[in-house]
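Summary of structural features
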Amino acid sequence: MDEIYVSELSRKNSDLCDKFKHLLRTQGHLPDIKYEESFIKNTTTVEIPYEMSVLLSLGPKFALIPERAPIPEIITDLEYIVSRYSHPNLVNAVRGQLTYALTKFSKTSPSHNRIQLFLKKATVITAKFLKEHPDIFISNSDKGNKTVICHVQDYEFKMKELLSDPTQFQPIDKDPTTSCESKLNNHLKTIQDKHSINKKQRLHLQSTTAIPPRVFGQYKIHKERPDGNGHPLRLVTSTVKTVAYNASKELTSILSKAYQNPKFTIKNSRQAFNALRNKRILRGHRMASFDMENCFGSISTALAIKLIKNDFDEKVRPHTTMEKEDFIELLRICLDECNYLLYKGQFYRQINGIFMGNSLGSIIVQIVTEHIISQVIEQLKKDKLIPPSVWIVYVDDHLVICREPVINEILKKLNAFDPGRIKFTCELETNSSINFLDLTIRRQDGSVITNWYSKSIASNRMLNYYSAHQKKTVSNVAISFAKKVFEYSHPTYHQENTIKIKDILTKNNFPQSEIQRIIQLAKRKPNTVKKPADNTTPKFASVVYVPGMSESLKKQIKYFIPEVKIADRPTQKLATFYSKEKDKIDKTESSGVVYQFTCPDCNCIYIGLKFLQHWRYTPKQLAINSTLKELKYLIVTATNANCKYQKSIT
């Protein structure tokens, strides 16, 4: 019997082994996630764990599958949609269907594949490594979309070195936020008294709980410092919730409408492509590009205000109810009075230009740049020189097509406009081609043909295939990229660019079958048949995305509330592992939150009943830091009549 048992067991094991080998040969197995070294730049001598390198190379927008489904956050999002957009007679039915879908998903045990298990392991290793190495600083690069790993000391040294430049920044002894708020609010009250704006507009534009603008730096990995000490930094300022944030956005909206038809400025590569398509280059003409150094820091705000003042009656007045003097003064407050920033507890005032991050920056640069180009063209005409046949500009990058002697004259006149502040550099075409934005412009038999161009510093990192986003979203990002490449390139370059697209998508972990599908869709000609116009205005709302569950919830919402378009919102992104670059705001200085107070005599919690009764926001905004259930508990406990403190405040 024992011999029969051993023989039968050996035969069964042999059969299972053969079956397993057959499956290995015939079945496609999920490959490991690929590590792309070009997506990450380590400037330190510290050895980074492999799992951490893979994780950070995926980029800050990569979403991870949450350990537990954030049911409270999902309920908050759904309740906001149902209570706001659903028909009153269907509210309970919609809630019932959504509750059933949530309950059904919560009872299923989550299953993870190899990729998800690896990412889960990598997050643990990364969190442990960063905790053990507090001197490591992680951020995104200025250009190229790479993850930069450096030392905190190196980052702080370069930041303080830039801010200590007396020609650019001046230290301030105290926080000017309160003073700027008073000036802004008093001026807005004056405008309201003149009936130029109403009370609602004034309340929207004024500032009451502002925080100071906070500056941070991004590494220019495409450049080296002259002293050989690594890479320089580009200063960027966060202006969200600052004194002039709402006022600057309002002024930007008005000025964008007033200057909506610029002669030379383009908004994107598509406009450049359309401007150059079917263009002919005359014999003797050459292409050249001009670049303004430190564009935002070089533009004179005084000149910008003067130009807007001169154009006010003709261009600005049709788009605002404010008087000329009031509008200009409001603009001056936003540009000059509020041009301070905070770093490591020290306040600085920027002496020249506009800091990058100001919402007024782009339109101010456009207005001044258009003026500079117009002045240069007028001077060329006075000197009896033929102006360029093409002159287009995107922020600080200029492209011109004209005779070579005229190019030299243009460079001289551009640098002579404001010698102490503005400086331009020039680059001529080489081998009958020049690069501008993400286009390579080439002359061929007197005509212009274009090709998609990617800088050598560009990592070409995009939303990774394994990110916990809806697969449709991930695919659409890749399809839009491929369509742009084929659209901007001449047919002679399509075969070459197909190889580039395959290589880029492979680096971002797209499977080969998906890559082929994306390329076929990108090459497909767009459907020119127009769909009948839909007069219904869509309503948009965001819901926390959990793979497997969100799809079911969206079907229910689409069935009951078809006019609502759902935007997925990932819960956990890799940006949480990136270093906090901006100064931390003290809790007592935070705004847009509900403060709570614990009674010293009992366990009751108070959150300001009078404030809650006059709260004008939606339940979703009330539940920013707590679920609706928790918030309801706070309100109930705050009305506890047995508490001595409650009796004293009622």
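Check the entry above for the structure.
Okay, so let's go over this structure. (Residues numbered from 1 in each chain as written. Predicted model: local features only at pLDDT ≥ 70, side-chain atom pairs only at ≥ 80, totals over all residues. Heavy atoms only, no water.)

Now for the overall build of the protein chain. When its secondary structure is counted, the protein chain shows 23 helices and 21 strands. Looking at the 650 residues of the protein chain, the share that counts as buried comes to 43%. Expressed as a percentage of contacts within the protein chain between residues at least 6 apart in sequence, the contacts between residues at least 24 apart total 74%. When the accessible area of the protein chain is evaluated, it comes to approximately 37200 Å², of which 52% is carbon and sulfur surface. (Helix = DSSP H or I, 4+ residues; strand = E, 2+ residues; numbered from the N terminus. Buried < 20%, exposed > 50% of the residue type's maximum accessible area, 1.4 Å probe, protein only. Contact = heavy atoms within 4.5 Å. Areas by Shrake-Rupley, 256 points an atom, 1.4 Å probe, with all protein chains shown as cover.)

The next subject is the state of the cysteines. Each disulfide consists of a covalent bond between the sulfur atoms of two cysteine residues. As enumerated under the stated definition, the model contains zero disulfides in all. No disulfide involves Cys 180; its sulfur sits 4.3 Å from the nearest other cysteine sulfur, which is in Cys 338. (Disulfide = S-S within 2.5 Å.)

Looking now at the pattern of salt bridges. A full pass over the atoms with the stated rule returns 23 salt bridges. Between Glu 67 and Lys 120 there is a salt bridge, with the nearest N and O atoms lying 3.6 Å from each other. Taken together, the residues span a long stretch of sequence, with Glu 67 in the loop between β2 (63-64) and α3 (71-85) and Lys 120 in helix α5 (residues 114-132) at a distance of 53 residues. Relative accessible area serves as the criterion here: at 58%, Glu 67 is assigned to the exposed category. Lys 120 sits in the partly exposed class, given a relative accessible area of 39%. Through salt bridges with shared partners, one network takes in Lys 183, Glu 329, Arg 332 and Glu 337. (Salt bridge = Lys/Arg side-chain N within 4 Å of Asp/Glu carboxyl O.)

Okay, the nonpolar core next. Counting 63 residues, the largest nonpolar core has Ile 308 and Phe 327 as its most contacted members. Looking at this core element by element, the count peaks at 10 residues for helix α14 (residues 361-382). (Core = buried A, V, L, I, M, F, W, Y, C linked by side-chain atoms within 4.5 Å.)

Across the sheet, which stays open at both edges, the four strands sit in the order β11-β12-β8-β13 with antiparallel pairing between neighbours. What marks the edges here is a single partner per strand, and that holds for β11 (390-394) and β13 (424-428). The average angle at which neighbouring strand axes cross in this sheet is 20°, direction not considered. Where strand β8 (residues 285-292) and strand β12 (residues 397-403) come together, seven bridges link them in antiparallel fashion. Across the sheet, the residue bridging to Ser 289 is Leu 399, located in β12. (Pairing = 2+ DSSP bridges. Axes fitted to C-alpha atoms, helices over the stretch in contact; angles between N-to-C directions.)

Our next topic: the pairing of strand β3 (residues 136-140). The buried fraction of β3 amounts to five of the five residues, a majority that puts the element mostly inside the structure. Of the two faces of β3, the one carrying Ile 136, Ile 138 and Asn 140 and the one carrying Phe 137 and Ser 139 are both buried. Two successive antiparallel strands, β3 and strand β4 (residues 147-151), enclose a turn made up of six residues, where Gly 144 displays a positive phi of approximately 95°.

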